[in-house]
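Next come the chains, spelled out residue by residue.
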Amino acid sequence: MSAPPVIETTGLRKVYRGRRGTRVAVQDLNLSVTAGGVHGFLGPNGSGKTTTIRMLLGLARPTAGTMRLFGEEVPRRLPAVLPRVGAVVESPKFSPTFTGRHNLLLLARAAGLPEARVDAAVETVGLTGRDDDRCAGYSLGMKQRLAIAATLLKEPELLILDEPTNGLDPAGIREIRETITGLGQRGVTVLLSSHILAEVQQVCDSVTIIGHGRMLAGGSVDELLAGTSDEHRVSVPDPAAALAALGTAGIDARVDGADLLARTPEPARITRALGEAGVWLTALEPVRRDLESVFLELTAGQELGSDTRPPSDPGSTGHGHHDGVER
């Protein structure tokens, strides 16, 4: 018998009610994440990513539907599975006057965990050599890596990260990317909520794309990117003449650097139109889809960005930031 999904939701729904009326944050969401690797959880601003994560962690109460972690129903069975889950869902908070190592030691002692795990966590997130520096001098990226290290103290099987690269510079984004990739390779299942699509494409094995609280697409990254788009890159000595010729033939085209991008499911139309106009074609190649193009097709008209935080949930439990350590 195969193991159950690490994360599974069925008909998950969340409605917020306030003075300005009701807002449906999550609508009948069916999500399934199998064990191992990095799973991207993608959606435009306000699509329900953060609300879904908060419900999974018991920080918000669903209006309808069911949720399971490791096959156990949550939130009813959350205490039983929480030791297997680590999460960072808000900006990390540590004592700025203590060193990174001291902060981690305090967390380990409070949770009754072996202090030796601090060394392993520091090494995993790449803070070796900086762990004895005070947190006040840490960059935002280093603080984010320290937060991930805190979740690793209890050696979780599932790590949930909500927009871990928000506000980071390119160097910080690369450091977090390397940390996440390494964790996935070690067998940890990582649920990565993000809107930085190029980063997701580099680290994720599978993805779920949601919009307006509904699932729009899901599967392996390779499956979603399979095939090509209708766009073709056209290289010609005279782009202006080629653009006019393609326009006359009814082919949508635009300038892209020194080349043109022409959209048609029949590339032979491009060569025929250019040949009839006497324009010499030096190269014609299909443009492969990337995750961003797939995402934009599915979420057309929606704003790309990190989720806005939902209002306080009267049925929530715990605190907004999970350092992943039981206390």
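Our subject is the structure listed above.
Residues numbered from 1 in each chain as written. Predicted model: local features only at pLDDT ≥ 70, side-chain atom pairs only at ≥ 80, totals over all residues. Heavy atoms only, no water.

Describe the pattern of salt bridges, naming the residues involved and giving the relevant values.
Side-chain pairs of opposite charge can arise whenever the charged atoms involved come near each other. All told, the structure shown has 15 salt bridges when counted by the stated rule. One salt bridge connects D131 with R101, and the closest N-O pair in it is separated by 2.8 Å. A residue pair is termed long-range when its members are at least 10 positions apart, and D131 in the loop between α4 (116–124) and α5 (140–152) and R101 in helix α3 (residues 100–111) qualify at 30 residues. Relative accessible area serves as the criterion here: at 7%, D131 is assigned to the buried category. The salt bridge involving D133 is made with R130; its shortest N-O contact spans 2.5 Å. On the accessibility criterion, D133 (27% relative accessible area) is partly exposed. Judged by its relative accessible area of 36%, R130 falls in the partly exposed class. One continuous salt-bridge network, built from bridges that share partners, spans R101, D119, D131 and D132. (Salt bridge = Lys/Arg side-chain N within 4 Å of Asp/Glu carboxyl O. Helix = DSSP H or I, 4+ residues; strand = E, 2+ residues; numbered from the N terminus. Buried < 20%, exposed > 50% of the residue type's maximum accessible area, 1.4 Å probe, protein only.)

I'd like a description of the sheet that holds strand β10 (residues 214–220), backed by residues and values.
Sheet architecture is open: six strands sit in the order β6-β7-β8-β3-β9-β10, paired in mixed fashion. Unpaired on one side and paired on the other, β6 (85–88) and β10 mark the two borders of the sheet. Neighbouring strand axes in the sheet, compared pairwise and without regard to direction, differ in orientation by 15 degrees on average. Taken together, the four bridges between strand β3 (residues 38–42) and strand β9 (residues 206–211) define a ladder with parallel strand orientation. Directly across from F41, in β9, lies its bridge partner T208. In the packing of α5 onto the sheet, contacts are made with β6 and β7 (158–162), and the angle to β6 comes to roughly 160 degrees. Lying on the sheet, helix α6 (residues 170–185) is in contact with β3, β7 and β8 (189–194); it crosses β8 at an angle near 150 degrees. (Pairing = 2+ DSSP bridges. Axes fitted to C-alpha atoms, helices over the stretch in contact; angles between N-to-C directions. Contact = heavy atoms within 4.5 Å.)

It is worth stressing that arrangement in space is one thing and function is another; only the former is reported here.
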